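Single-letter residue listing:
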Amino acid sequence: MSAERITRREMLKRLVIAPVGAAVLTTLEVREASAAALQRYYAPYFVAVLWEGRTRCDSLWRSLKGDVVAILPTVQGATPYDRLYWTGYALGNAPVNVDMRVLARAVDHNGVPLGSGWREIGQATIQTPPMRWFRVEIPEGHWDEYRLEVRSATPRLVYSRLIGSQGYWRE
Amino acid sequence: MRTQPLTLYVGTLQVEATPKDVLNQAEPLAPTFVNAERCRAFYWTGVKGSDAPIAYTIRAGNAAGWQWSASGQITGNARGWFRVVIKPPAPYDRYRFEVSGAPQTLHSKITGAEEVAE
């Protein structure tokens, strides 16, 4: 019989087997200047974990990394990814009610943003029973940097992971 | 085939009523990029200088001339971000990204999704 050493976080992930809560982003309009409508099916061939960790949510808009400095990105070098997926769960016995928003921007060759501020891609509210997984799909890919912010009226600890995917568009 | 991002252009242009491409070329036959057959999509992002909309036209073709085009408007507030996605229906060798409108500064970046062998 063999023993396996796992972290507390990994143990929690294995214990929490529950339906997935989903939230839909209210996305801004994306202008398509071509025949993209023909490309209907998306099959990812490569995924990368862009960020993973825990975030202590409170009433302030905080990056997943915990900061409240609006100019700092949560992830950089995200240009190759068609889509981003944010998955996670919140600790605690109370129902989850966490607001999140996704911001993005482009940078020049030196990593300097092309302009001040961010483009807001969308907002969502994660509302699930306690200890349920949630998943948010961020459809607007190929921005260089993203800032994912969360806040909650009731302080919560959120464990989450941000994944970037590259894929085939099939007609 | 998979794709990889290729930064094709980063720069600033003074937009005017006269159409010109992002390289400030007014000659309508002058391409902005050449040797772009492997690019299957273009992601044009940036920041506008004023509230006025900017009209854009993207032309694609080869040495014989332009064969496909797409037009639209970049709208938004001053210093607001924009994003235009271009997915041409076929591979083309050369492209021209042309803009016109009320005078304003346009900071933008064009990234191509280039097909590469697996």
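Look above for the structure.
Residues numbered from 1 in each chain as written. Chains lettered and ligands numbered in written order. Predicted model: local features only at pLDDT ≥ 70, side-chain atom pairs only at ≥ 80, totals over all residues.

Novice: How should the nonpolar core be read in this particular structure?
Specialist: Among soluble globular proteins, nonpolar side chains are generally buried collectively. Ranked by internal contacts, the top residues of the largest apolar core, which has 33 residues, are Val98(A), Met100(A), Val102(A), Ala104(A), Tyr146(A) and Leu148(A). Mapped by element, the contributors of at least two residues to this core are strand S3 (41–57), strand S5 (83–90), strand S6 (96–105), strand S7 (119–128), strand S8 (133–138), strand S9 (145–151) and strand S10 (156–170) of chain A. When residues in this core are grouped by element, the largest group, six residues, is from S6(A). Counting residues in each nonpolar core, the second largest holds 24 residues, with Cys39(B), Tyr56(B), Phe97(B) and Val99(B) among its members. (Core = buried A, V, L, I, M, F, W, Y, C linked by C-beta atoms within 7 Å. Buried ≥ 20, exposed ≤ 12 C-beta atoms within 10 Å, placed from the backbone. Helix = DSSP H or I, 4+ residues; strand = E, 2+ residues; numbered from the N terminus.)

Novice: How should I be thinking about the sheet that holds S6(A) in this particular structure?
Specialist: Two pairing modes exist for strands in a sheet, parallel and antiparallel, and in both the strands are linked by backbone hydrogen bonds. All names here are of chain A. Across the sheet, which stays open at both edges, the four strands sit in the order S4-S9-S6-S7 with antiparallel pairing between neighbours. Every other strand in the sheet has two partners, leaving strand S4 (62–63) and S7 as the edge strands with one partner each. By the bridge criterion, seven bridges tie S6 to S9 in an arrangement that is antiparallel. Residue pairing for S9: Leu-103 is matched across the bridge by Arg-147. (Pairing = 2+ DSSP bridges.)

Novice: What should I look at first to understand the environment of Ala94(A) in this one?
Specialist: All names here are of chain A. In this structure, Ala-94 sits in the loop between S5 and S6. On the basis of neighbour counts, which here come to 10 C-beta atoms within 10 Å, the residue Ala-94 falls in the exposed class. The contact partners of Ala-94, leaving out residues within four places of it in the chain, are Pro-130 and Thr-154. (Contact = placed C-beta atoms within 7 Å.)

Novice: How should I be thinking about the interface of chain B and chain A in this particular structure?
Specialist: Interface size is often expressed as the accessible area that is lost when the parts come together. Listed as interface residues are 25 residues of chain B and, on the opposing side, 23 residues of chain A. Put simply, the parts of the chain that give the side of chain B that touches chain A at least two residues each are strand S1 (2–15), strand S3 (39–47), strand S5 (65–74), strand S6 (81–86) and strand S8 (104–116) of chain B. For the side of chain B that touches chain A, the residue count by class is 12 nonpolar, eight polar and five charged. (Nonpolar A, V, L, I, M, F, W, Y, C, P; charged D, E, K, R; others polar.)

Novice: Help me understand the environment of Ala60(B) in this model?
Specialist: Residues and elements named next belong to chain B. With respect to the helices and strands, the residue Ala-60 is situated in strand S4 (residues 54–62). Assessed through the 25 C-beta atoms surrounding it within 10 Å, Ala-60 is described here as buried. Separated by 33 residues in sequence, Ala-60 and Asp-93 have C-alpha atoms that sit 7.5 Å apart.

Novice: I tried to follow the sheet that holds strand S2 (residues 20–21) of chain B on my own but got confused; where do I start?
Specialist: Residues and elements named next belong to chain B. If you walk across this open sheet you meet the four strands as S2-S7-S4-S5, and the pairing is antiparallel. This sheet does not close on itself; its edge strands, each paired only once, are S2 and S5. Of the pairings in the sheet, the one linking S2 to strand S7 (residues 94–101) comprises two bridges and is antiparallel in character. Of the residues in S7, the one forming a bridge with Lys-20 is Val-99.

Novice: Would you mind going over unusual backbone geometry with me for this structure?
Specialist: In most cases, non-glycine residues show a negative phi, while peptide bonds are predominantly trans. Residues and elements named next belong to chain B. Of note in this structure, Asn-24 is not a glycine but carries a positive phi near 70°. Its location among the elements puts Asn-24 in the loop between S2 and S3. On the basis of neighbour counts, which here come to 11 C-beta atoms within 10 Å, the residue Asn-24 falls in the exposed class. Positive phi outside glycine occurs at Asn-35, with the angle close to 55°. Residue Asn-35 is classed as exposed on the basis of its C-beta count, with 9 C-beta atoms lying within 10 Å.

Novice: Help me understand the pairing of S3(B) in this model?
Specialist: Side-chain direction in a regular strand flips from residue to residue, so the side chains alternate between the two faces of the sheet. All names here are of chain B. With eight of its nine residues buried, S3 lies for the most part within the structure. Here eight bridges tie S3 to S8, and the two strands are oriented antiparallel to one another. Following the sheet pairing, Gly-46 is matched in S8 by Ser-108. In this sheet, S6 lies alongside S3 in antiparallel orientation, the contact comprising six bridges. Looking at the pairing, Phe-42 lines up with Ile-86 of S6.

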